[in-house]
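Below are the chains, spelled out letter by letter.
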Amino acid sequence: MMTDRFPRGQAAIVAAATHGMGKAPGFSSLDLAAMAGAKALAQVGLAPKDVDGLFVALPDDFMSGLGLAEYYGISPRITENNRTGGSAFMTHAMWAALALATGQCSVALIAYGSNQRSAAGSLIKSMRESPYETPYRLPRPVGAYALAASRYCHEYGLRREQLGEVALAARGWARLNPDAYAREPLTMDDYLASRMVADPLSVRDCCLVTDGAAAIVMVSAERARDLARQPVYLLGAAAATEHREITQMPDLTRTAARLSGPRALAQAGVGVADIDVVQLYDAFTINTLLFLEDLGFCDKGEAGSFVEGGRIAPGGELPVNTNGGGLSCVHPGMYGLFAIVEAVEQLMGRAGQRQVAGARLALAHGNGGELSSQATVVLGMQDVL
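It should be emphasised that the depicted structure is a prediction, and the values quoted were computed from it without experimental measurement.

*Asks:* Run through the layout of surface pockets, naming residues and quoting values.
*Replies:* Left-over empty space is what a probe sized like a water molecule reveals as it rolls over the atoms. Roughly 290 Å³ of internal volume is contained in the second largest pocket. Lining the second largest pocket are 17 residues, and of these Val203, Cys206, Cys207, Leu208 and Val209 lie nearest its centre. When residues of the lining of the second largest pocket are traced back to their parent elements, those giving at least two are α6 (160-174) and α12 (325-328). Residues of the lining of the second largest pocket, tallied by class, amount to 13 nonpolar, one polar and three charged.

*Asks:* Tell me about the side chain of Gln374, residues and numbers included.
*Replies:* By the element assignment, Gln374 lies in strand β11 (residues 373-380). Within the structure, the side chain of Gln374 is placed 3.3 Å from the backbone oxygen of Leu371, a separation counted as a polar contact. The contact partners of Gln374, leaving out residues within four places of it in the chain, are Ser87, Ala238, Ala239, Ala240, Thr255, Ala256, Ala257, Ser260, Phe291, His365, Gly366 and Asn367.

*Asks:* Kindly report on the pattern of salt bridges, identifying the contributing residues and their values.
*Replies:* Evaluation of the coordinates by the stated rule reveals 16 salt bridges. With a shortest N-O distance of 2.7 Å, Arg263 and Asp4 are connected by a salt bridge. Of this pair, Arg263 sits in helix α9 (residues 257-268) while Asp4 is found in the segment before β1 (11-22), placing the two residues 259 residues apart along the sequence. With its nearest N and O atoms 3.0 Å apart, the salt bridge here joins Arg151 to Glu155.

What counts and how
Sequence order sets the numbering: in each chain, residues are counted from 1 along the sequence as written. Totals for whole chains, interfaces and linings use all residues, but because this is a predicted model, local features are given only for residues with pLDDT of at least 70 and pairs of side-chain atoms are given and counted only at 80 or more. Only heavy atoms go into the side-chain values, all of them from the structure, while hydrogens and water stay out. Of the two site types, the cavity is a set of points on a 1 Å grid over the protein atoms alone where a 1.4 Å probe fits but cannot get out, and the pocket is an open set with protein on both sides within 12 Å along at least five of seven lines, each lined by residues with an atom within 4 Å of a point. Grid points are joined across faces, edges and corners, and a volume is the space filled by probe spheres set on the points. A run of DSSP states H or I qualifies as a helix once it reaches four residues; a run of E qualifies as a strand once it reaches two. Both are numbered from the N-terminal end. Note that Gly is not counted as nonpolar here; it falls among the polar residues with everything else outside the nonpolar set of Ala, Val, Leu, Ile, Met, Phe, Trp, Tyr, Cys and Pro and the charged set of Asp, Glu, Lys and Arg. For the purposes of these results, a polar contact is taken to be a pair of N or O atoms within 3.5 Å, where, inside protein, one atom must be able to donate a hydrogen and its partner to accept one; residues adjacent in sequence count only when each atom of the pair is a side-chain atom. By definition in these notes, contact holds between two residues if any of their heavy atoms fall within 4.5 Å. Throughout this description, the term salt bridge denotes a Lys or Arg side-chain nitrogen within 4 Å of a carboxyl oxygen of Asp or Glu.

In structure tokens:
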């Protein structure tokens, strides 16, 4: 019988940085990732030459681990560029923690960058052609998420205003974040009047298209205390998948987050009621509702009512996507690493006007493909070890 063991608290994030948020013309995805990585390393007095574990997944380079190593002029002991979409970076954090705990590396850098907006100006076509779906001309990825949203509306009576609560909450947080790309006011009337993209999802239900880069630095818990005043410890991490193509998803209203979330929380030894801040991959508003349910923050079919009244917005009971998320802060192709960075910023107390008072435990959840890959990490401060 397999036991689900994880080196709880044996690895820590000591630095986190973003770069080129919104628009960064003139730079490649690799440039942006390298600059974010260098910025994060400099926060704790390190340099690229100190990195011996390199984890990266660029949108336009399937050998990006080799590319970033060459760019930095380093020869890391571990080079990993696992690609599961936006959830990849949660799996990178998981593998980095395991590598650090077993001495396979001493300094792990996880980096991502994309010039999606300045280079392409639209969603990068990353979905493979499917012989079963392509003939029906489903717009991807938005069409896949619209299918999930439609099914959810049919089963649970979800109203557009409830999807709108997710969009408005994200914008409320973004207005507190000077690095967020979309900071103009957004009202429910604005949301309801927005152009439909794939029914029932309108343009305000869809993520931004931006440039941007992010990076985190991980070391062993012992070394972390020498490098950072407030290290953030990785307490649990788990991933799960049940399909690749949306037509193969067993149930359009239930994601594999219901598998990854409980495992990560059990490894961490905490429950959802203990979590202070939640960072979810909100490529579309329906994602936030599905993940809140599947991770255990509310029961299936109840997320629409759960988010009403600003519950996940600034000042609400459960702070969700406190940087503005993919809907209002940044979404350069894959958002997962930005969710981890925001969790770290909150736990380190560096989130400025959007800071959640007393945050000690955070959950960051990544999504890849068409609700295909789900990965969850639980992070905490030293006093929760």
